[in-house]
Amino acid sequence: MNVADAMTPRSEVVTVEIPGTREDVLEYLQDRGFSSVPVIRVDDDGEQFRGLVTRGSLIEQPDEDQLALLAREVPTIGRSASLTDLAELVLESGERRVPVVEDGELLGIVTVTDLVRALAEGESDGETTVGGLATREINTVYHGTPLPVAERELSYAGVAYAIVLDDDGRQTGMITEVDIIDVAHVVQGESNPGDAVANQDDEWMWEGIKAVGSRSIPTLNVEIPSTAVSEFMSEDLITVPKTRTARETAQSMLSNDIEQIPLLSGDELVGIVRDVDLLGALV
């Protein structure tokens, strides 16, 4: 099985075209829940792949409107590459979606989930036990933490999940980036900074805005409910023991539509098996 067998073909991939603006991609990232959208440019030679626009691109560059400047260069792979080659690229780059590109043309998209599916369906060797693949560093958050604070914690930790702990320090659920996105709203609008002077702003401002005048500036804000994490977490945790195979764990991830599973020894939490950890069984 190679990349061509696992990828989503170009005919099924939603793209946006240069020249264009952030408005062209907001619908897909905001309303349709995509994590990223490929950017192409059409010229006399046909389509040319130009990168990906992600939610992070929009949030990190709130004043940028042009797709060409919002697009991020990412690693690509050819359709004849093996799944082992793909797994190595994902593990090395940290990218979850890899465009399949040849001669500058976008042929499709292949993802971590596609690799997990190949494991689950027996297309690749999956007999490695997850005890040796799991990540031992576990990201956690207190169940009473306000959701915006939890979102920042996930962002700073660089992971897409947190095990939720109760008052006794026991696992009581899990909160993921997807859970937060489901209740968050990306709002584009304008703000008026007025004539603020340093140290005269809100007490939580780190620094003031010095004499910028009364003008409106474009903003992109993420609105997240301030309710406690416990209101949004998944309470029924799917867990695995250290002796479970990569294939069995991949099947559990797909059937439960999840990307990480807590690893238990008895009833003690000893690690986390992420979908990308399973790729270790392919390399």
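Residues numbered from 1 in each chain as written. Predicted model: local features only at pLDDT ≥ 70, side-chain atom pairs only at ≥ 80, totals over all residues. Heavy atoms only, no water.

### Notes on the sheet that holds strand β5 (residues 97-102)
So, point 1. The strand order across the open sheet formed by 3 strands is β1-β6-β5, and the pairing between neighbours is antiparallel. Two strands in the sheet have a free side with no partner beyond their single neighbour: β1 (8-9) and β5.
So, point 2. Inspection of the sheet shows β5 paired to strand β6 (residues 105-111) by 6 bridges, in the antiparallel sense. Of the residues in β6, the one forming a bridge with V98 is V110. (Pairing = 2+ DSSP bridges. Helix = DSSP H or I, 4+ residues; strand = E, 2+ residues; numbered from the N terminus.)

### A closer look at the side chain of T249
So, point 1. By the element assignment, T249 lies in helix α9 (residues 246-256).
So, point 2. Polar contacts involving the side chain of T249 include one to the main-chain carbonyl oxygen of T245, which spans 2.9 Å.
So, point 3. In contact with T249, other than residues within four places in its own chain, are V130, V240, R244, I261, V273 and L278. (Polar contact = N/O pair within 3.5 Å; in protein donor to acceptor, adjacent residues only side chain to side chain. Contact = heavy atoms within 4.5 Å.)

### Regarding the environment of R170
So, point 1. Within the fold, R170 resides in the loop between β8 (161-165) and β9 (171-176).
So, point 2. A relative accessible area of 31% places R170 in the partly exposed class.
So, point 3. Taking C-alpha positions, R170 is 8.7 Å from L269, a pair spaced 99 residues apart along the chain.
So, point 4. Every residue in contact with R170, bar those within four places of it in the chain, is listed here: V164, L165, D267 and E268.
So, point 5. At a separation of 3.2 Å, a polar atom in the side chain of R170 contacts the main-chain carbonyl oxygen of D267. (Buried < 20%, exposed > 50% of the residue type's maximum accessible area, 1.4 Å probe, protein only.)

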